[in-house]
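Here's the letter readout for the chains.
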Amino acid sequence: MIYADHAATTKMSEAAVQRMLSVINDHFGNPSSLYSTGQDAKEILEEAREDVAAVIGAEPREIYFTSGGSEADNQAILSAAELGRKKGKMHIISSAFEHHAVLHTLNKLKKNGFDVTLVDVHENGIVRPEEVAAAIREDTCLVTIMYANNEIGTIQPIREIGAICREKNVLFHTDAVQAVAHIPVNVQTDNIDMLSASAHKFHGPKGVGFLYVKKGIPLVSLIEGGAQERGKRAGTENVPGIASMATALKEASANMEASAAHVTAVRNRLIRGLKEIPHSALNGDAERRLPGNVNFCFEGIEGESLLLLLDDKGIAASSGSACTSGSLDPSHVLLAIGRVHDVAHGSLRLSIGEEVTEEDADYMIKSVKEVVEYLRGFSPVWRDLCAGKAKFIL
Ligand SMILES: *Cc1c(COP(=O)(O)O)cnc(C)c1O
């Protein structure tokens, strides 16, 4: 099986698994307990906090452990909104192709009186900093723009957007779930006030992530209870998961350069090969994209059928985002970059990791070509296009 869905989740690294097992077996205490077994677990926790902070250029006390990227996004946005409400600032800027953890939180805030501006992501899937600057108003309390998009892989000009927010004194949050440990991310040089990350996107365990919050910014708690995480996230800490996340993060960051070089080469090979399919198009900027992301639209087919047939050929891929597959709506990301419904339905995302070889890439190219041709063979939409009854878009 070729696993080409790293944007959905990744397999835990051996080191992350070993770390988790060793903490489960040998450091099972509750970090809030005062006796040594508890303090031993507390030490593991604080060591992980230091490691995570060091990787992104933060201070340990600026790291809050969460249950993952979604929780971190919710907490960051709701905290900034609460702060804004107190100052009478109830305007938030974001983009149309954010993850649903961001978009659904913004929808909730809209129902509670907030005004949300979504800046354009353009055909290349990249936000323009000057458009963010133009959207900022007197009452803007937050700008939240993702670091890299989870479907089309495009990397946003985060440093520039952050600089604008600093200058205008507006809080800046970024959902960096797809970026952390894949491309260089540093909260200081990138001018980031709040950042979300998730372990299972960088070969760590599922159900654990972190939120970076620049010191001095007050957080609201989503979960009430004990005083864990400086009173901002109640509940006994997931010590094995957190320790394992720190191990995975350190490992992935140390290997980042070499890994990205290989993954980028395989990605480019895939893009070159898939481009040969007639009436196809790469989604998102060809250069400013994550090393492992390939996303195409093929006219005249359904992405879902494509996936099932690729699965039969031993390829695990995705169409649209994992969260929306199963619904009939095309991906909100592809619609945001201007793909029409019919075209957006025929999308394929291959998100690859370090273990995928050039031979795997060639096999994937061959398989996608075969499957697209096969599906077009009995697609009424394709027949109409070929007969000139409808116009090709791609
Ligand atoms: C996966 C993902 C999330 C959600 O993270 P979880 O840890 O699964 O909650 C949020 N944002 C982006 C961009 C993602 O890719």
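Residues numbered from 1 in each chain as written. Predicted model: local features only at pLDDT ≥ 70, side-chain atom pairs only at ≥ 80, totals over all residues. Heavy atoms only, no water.

Draft legend 1. Region of interest: helix H6 (residues 158-168). Burial in H6 covers these residues: Ile158, Ile161, Gly162, Ile164 and Cys165. Buried residues in H6, looked at end-on, bunch into an arc of 160 degrees, giving them a common side. For H6, the elements touching its buried residues are helix H5 (129-135), strand S5 (140-144) and strand S6 (171-175). The positive-phi residue at the C-terminal boundary of H6 is asparagine 169, with phi of around 60 degrees. (Buried < 20%, exposed > 50% of the residue type's maximum accessible area, 1.4 Å probe, protein only. Helix = DSSP H or I, 4+ residues; strand = E, 2+ residues; numbered from the N terminus. Arc of directions from axis to C-beta. Contact = heavy atoms within 4.5 Å.)

Draft legend 2. Quick peek at the pattern of salt bridges. Under the criterion given, the structure shown has 20 salt bridges. One salt bridge connects glutamate 62 with lysine 215, and the closest N-O pair in it is separated by 3.9 Å. With glutamate 62 in the loop between helix H2 (36-56) and strand S2 (63-66) and lysine 215 in the loop between strand S8 (209-213) and helix H7 (228-231), the pair connects residues that are 153 residues apart, well separated along the chain. Overall, glutamate 62 belongs to the buried group, its relative accessible area being 5%. Residue class for lysine 215 comes out partly exposed when judged on its relative accessible area of 42%. Via salt bridges that share partners, Lys42, Glu46, Arg49 and Glu229 belong to a single interconnected network. (Salt bridge = Lys/Arg side-chain N within 4 Å of Asp/Glu carboxyl O.)

Draft legend 3. A look at the packing of helix H1 (residues 14-26) against helix H8 (residues 239-254). Their axes nearest at 8 Å, the elements H1 and H8 cross at an angle of 150 degrees. Judged on the interaxial angle alone, H8 and H1 are roughly antiparallel. Two packed elements cross with a definite hand, and for H1 against H8 that hand is right-handed. Two secondary-structure elements touch here, H1 through Ala15, Ala16, Arg19, Met20, Val23 and Ile24 and H8 through Val239, Pro240, Gly241, Ala243, Ser244, Thr247, Ala248 and Glu251. Classifying every residue of the contact of H1 with H8 by side-chain character gives nine nonpolar, three polar and two charged. (Axes fitted to C-alpha atoms, helices over the stretch in contact; angles between N-to-C directions. Parallel < 35°, antiparallel > 145°, perpendicular 65-115°, else oblique. Left-handed = near helix turned anticlockwise from the far one by under 90°. Nonpolar A, V, L, I, M, F, W, Y, C, P; charged D, E, K, R; others polar.)

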